[in-house]
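# Summary of the model geometry
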Amino acid sequence: MSARRDEILQELGLMPLWRLRDTAGNASETAAESGAAGDTPAQPELAKREVTGGDAPQVRIDAAMSLDPRVADIMRMDLPQIKESVASCLSCPLHKTRNKTVFGVGDEHAEWLFVGEGPGADEDAKGEPFVGQVGKLLDNMLAAIKLKRGENVYIANVVKCRPPGNRDPEPLEVAQCEPYLHRQIELIKPKLIIALGKVAAVNLLKRDASVASLRGKVLEYRGIPMIVTYHPAYLLGSLPEKAKAWIDLCFAVDTMRDLQSRQQAPI
Ligand code: URA
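Our subject in this report is the structure included herewith. Owing to the predicted nature of the structure, the values given are computational and were not obtained by experimental measurement. (Residues numbered from 1 in each chain as written. Predicted model: local features only at pLDDT ≥ 70, side-chain atom pairs only at ≥ 80, totals over all residues. Heavy atoms only, no water.)

## Here's the deal with helix α9 (residues 198–205)
- In terms of burial, α9 is a largely internal element, six of the eight residues being buried.
- Along α9, the residues classified as buried are Val-199, Ala-200, Ala-201, Val-202, Leu-204 and Leu-205.
- In this structure, the buried residues of α9 make contact with β2 (112–116), α8 (171–188), β4 (192–196), α10 (211–214), β5 (219–221) and β6 (224–229).
- Where α9 terminates, the next one or two residues include Lys-206, which has phi positive at roughly 65°. (Buried < 20%, exposed > 50% of the residue type's maximum accessible area, 1.4 Å probe, protein only. Helix = DSSP H or I, 4+ residues; strand = E, 2+ residues; numbered from the N terminus. Contact = heavy atoms within 4.5 Å.)

## Comments concerning the nonpolar core
- Of all hydrophobic cores here, the largest spans 66 residues; its most connected members are Trp-112, Phe-114 and Ile-193.
- The dominant element in this core, judged by the number of residues it contributes, is helix α12 (residues 239–264), at nine residues.
- Ignoring anything within four residues of it in the chain, the contact list for Ile-193 reads Leu-113, Val-115, Ile-185, Leu-204, Tyr-221, Ile-224, Pro-225, Met-226 and Ile-227. (Core = buried A, V, L, I, M, F, W, Y, C linked by side-chain atoms within 4.5 Å.)

## With respect to the pattern of salt bridges
- A complete count under the given rule lists twelve salt bridges for this structure.
- A salt bridge links Arg-183 to Glu-186; the shortest N-O distance between them is 2.6 Å. With Arg-183 and Glu-186 both in helix α8, this residue pair falls three residues apart, about one helical turn.
- A residue is classified by how much of its surface remains accessible, and Glu-186, at 36% relative accessible area, is partly exposed.
- Lys-244 serves as the salt-bridge partner of Glu-241, at 3.2 Å between the closest nitrogen and oxygen. A residue pair is termed a helical-turn pair when its members lie 3 or 4 positions apart in one helix, as Glu-241 and Lys-244 do in helix α12 at three residues.
- Salt bridges linked by common partners bring Glu-128, Asp-139 and Arg-149 together as one network. (Salt bridge = Lys/Arg side-chain N within 4 Å of Asp/Glu carboxyl O.)

## Digging into the site of the ligand
- In the vicinity of the ligand, the residues found are Gly-116, Glu-117, Gly-118, Glu-123, Pro-129, Phe-130, Asn-157 and His-231.
- At a separation of 2.7 Å, an oxygen atom of the ligand approaches a polar backbone atom of Glu-117.
- His-231 is positioned with one of its side-chain polar atoms (N or O) 2.8 Å from an oxygen atom of the ligand.
- With the chains in place, 93% of the 230 Å² that the ligand exposes on its own is no longer accessible.
- Broken down by class, the residue content of the shell around the ligand amounts to two nonpolar, four polar and two charged. (Near = heavy atom within 4 Å. Polar contact = N/O pair within 3.5 Å; in protein donor to acceptor, adjacent residues only side chain to side chain. Areas by Shrake-Rupley, 256 points an atom, 1.4 Å probe, with all protein chains shown as cover. Nonpolar A, V, L, I, M, F, W, Y, C, P; charged D, E, K, R; others polar.)

Here it is in structure tokens:
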């Protein structure tokens, strides 16, 4: 294990628990190599693959949205146009209290899309998602699975403006912002979406459920595979959940490998 990755896992409070696994579930380093014996976690969740999500409610939502000229306009935009439109958006009350809009950041052709709930104070000041302490943890989670912000990774939020006091976004705010995220995803075409936390998960899935009940499954957002894990802000205060988030990330790596190999396989 490299010193850098050691440091990252240590900081996450996950050493010596976190190990990147291959598709057969084998740890990439042995206990002897990592200097810790007998610490390989059981990962029953990895076996629980399930593709869920019918598209009938989504079809109804799409039909309703297409009647709205504002939405129809957004659906024709490219990424720079959406960014511009977000920057001047007055469609929900969040514009009154925001400092900066937070459009999203990263590789516009990324295979990995991470979706959070909405900007906090740091993001509102900087105009970039997941900065500050929470962003550092997300960056470390990415590094633990050999990913880096901006390199085959895109990061966005359900709402682009900060809800005051970091409250959950209201349904109207989500509804007004949804076409932006929808169009962003349509253009980026990620192979896999990682929903960070309950707000992201339930708003993408359009059904209420706990993160605990959604973990360990391959769900879908408009036909794109999606995995749910805990929000980094929640993980900052909860060591047991960090271990579960690591299992989720390993599951995501496994799922991505499956998706990539399926695409490469001859028909
Ligand atoms: N929390 C989120 O959900 N998104 C951010 O961008 C920052 C914190």
